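What the coordinates show
Below are the chains, spelled out letter by letter.
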Amino acid sequence: MLANNKPISIALLSGGLDSATATAMALEAGHNVIGISFDYGQRHKRELEAAIELAAHLNLLGHEIINVNLAKWGGSSLTDLQQSVPTQGIIKGKIPNTYVPGRNTVFIAIGLSLAEAKGANQIVLGINAMDYSGYPDCRPDYLKSFQALANLASKAGREGNAPKLWAPLIHLNKVEIIQEALRLNIPIDKTWSCYNGLEKPCGLCDSCRIRNEALEKAGRSDLSTREEI
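These lines cover the structure that appears in this document, whether it is placed above or below. (Residues numbered from 1 in each chain as written. Predicted model: local features only at pLDDT ≥ 70, side-chain atom pairs only at ≥ 80, totals over all residues. Heavy atoms only, no water.)

Our focus in this paragraph is helix H3 (residues 103-118). In this model, H3 (16 residues) spans 22 Å end to end at C-alpha, consistent with the 22 Å of a helix rising 1.5 Å per residue. As for H3, its buried residues are in contact with strand S1 (8-12), strand S2 (32-39), strand S3 (62-67), strand S4 (122-124), helix H5 (140-153) and strand S5 (164-166). Remark: Gly119 follows H3 within two positions and exhibits a positive phi of approximately 70°. (Helix = DSSP H or I, 4+ residues; strand = E, 2+ residues; numbered from the N terminus. Expected span 1.5 Å × (residues − 1). Contact = heavy atoms within 4.5 Å.)

In helix packing, the relevant descriptors are the interaxial angle and the interaxial distance, both defined with respect to the helix axes. At their nearest, the axes of helix H7 (residues 174-183) and helix H8 (residues 206-217) sit 8 Å apart, and the two run at 65° to each other. It follows that H7 is roughly perpendicular to H8 by the angle criterion. Where H7 crosses over H8, the handedness of that crossing is right-handed. Side by side, H7 and H8 meet where Lys174, Val175 and Ile178 of the first sit next to Ile210, Arg211, Ala214, Leu215 and Lys217 of the second. Taken together, the residues of the contact of H7 with H8 sort by class into five nonpolar, no polar and three charged. (Axes fitted to C-alpha atoms, helices over the stretch in contact; angles between N-to-C directions. Parallel < 35°, antiparallel > 145°, perpendicular 65-115°, else oblique. Left-handed = near helix turned anticlockwise from the far one by under 90°. Nonpolar A, V, L, I, M, F, W, Y, C, P; charged D, E, K, R; others polar.)

Considering all chains together, one arrives at three aromatic pairs under this definition. Summarising the aromatic geometry, the rings of Phe38 and Phe107 are spaced 4.0 Å apart at their centres and angled 5° between planes, so their arrangement reads as stacked. Taken together, the residues Phe38 in strand S2 and Phe107 in helix H3 connect sequence positions 69 residues apart. Using a relative accessible area of 9% as the deciding quantity, one classes Phe107 as buried. (Phe/Tyr/Trp six-rings, centres within 6.5 Å; stacked < 30°, edge-to-face > 60°. Buried < 20%, exposed > 50% of the residue type's maximum accessible area, 1.4 Å probe, protein only.)

Okay, structure coming up:
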């Protein structure tokens, strides 16, 4: 802990709405927060610019950007430009090709390393009900198993002080997340959700469409990117 005796959290800050909201919730809970973002070869690298802006806006204790080239072997439309980003919406029972093989396992493991080095007692994740309906590494059973691993795989864990994996949005839908973001004064216009590597949100990919629909339901259609192509 720091001299001010506040606990320390490590927040996986992608630059998107969800991770920004979860990070702000950790700050609201009285934690010092260190953000960690990843340049993993994603086509939407613009999200890293958003992460830098958000880290400054939220006045984080620190912000690390880590290079992990998951694009070297592809396997996802987010890391392989030969694949098309889907626009048809989530299909029940089907994992979309925007799933990046092993991404959260790699990210959380690096976050765990940073947490142990900094004496942090919490790793903040922005995963939510919408995410785990499509992605295997965003589901409650995955988090439970990774927590068990964290308890065993670190010195802190063996001493009974493993960082807790905290996913405060896990049971919230996108509208509820937007409502939380508004309550916490998150600059939603500075967050980045679009999967396409353009200068402006495409308004067409699944991530844009889900975000726009939720903004409209939350009464904030003024923040929608539906018209941008």
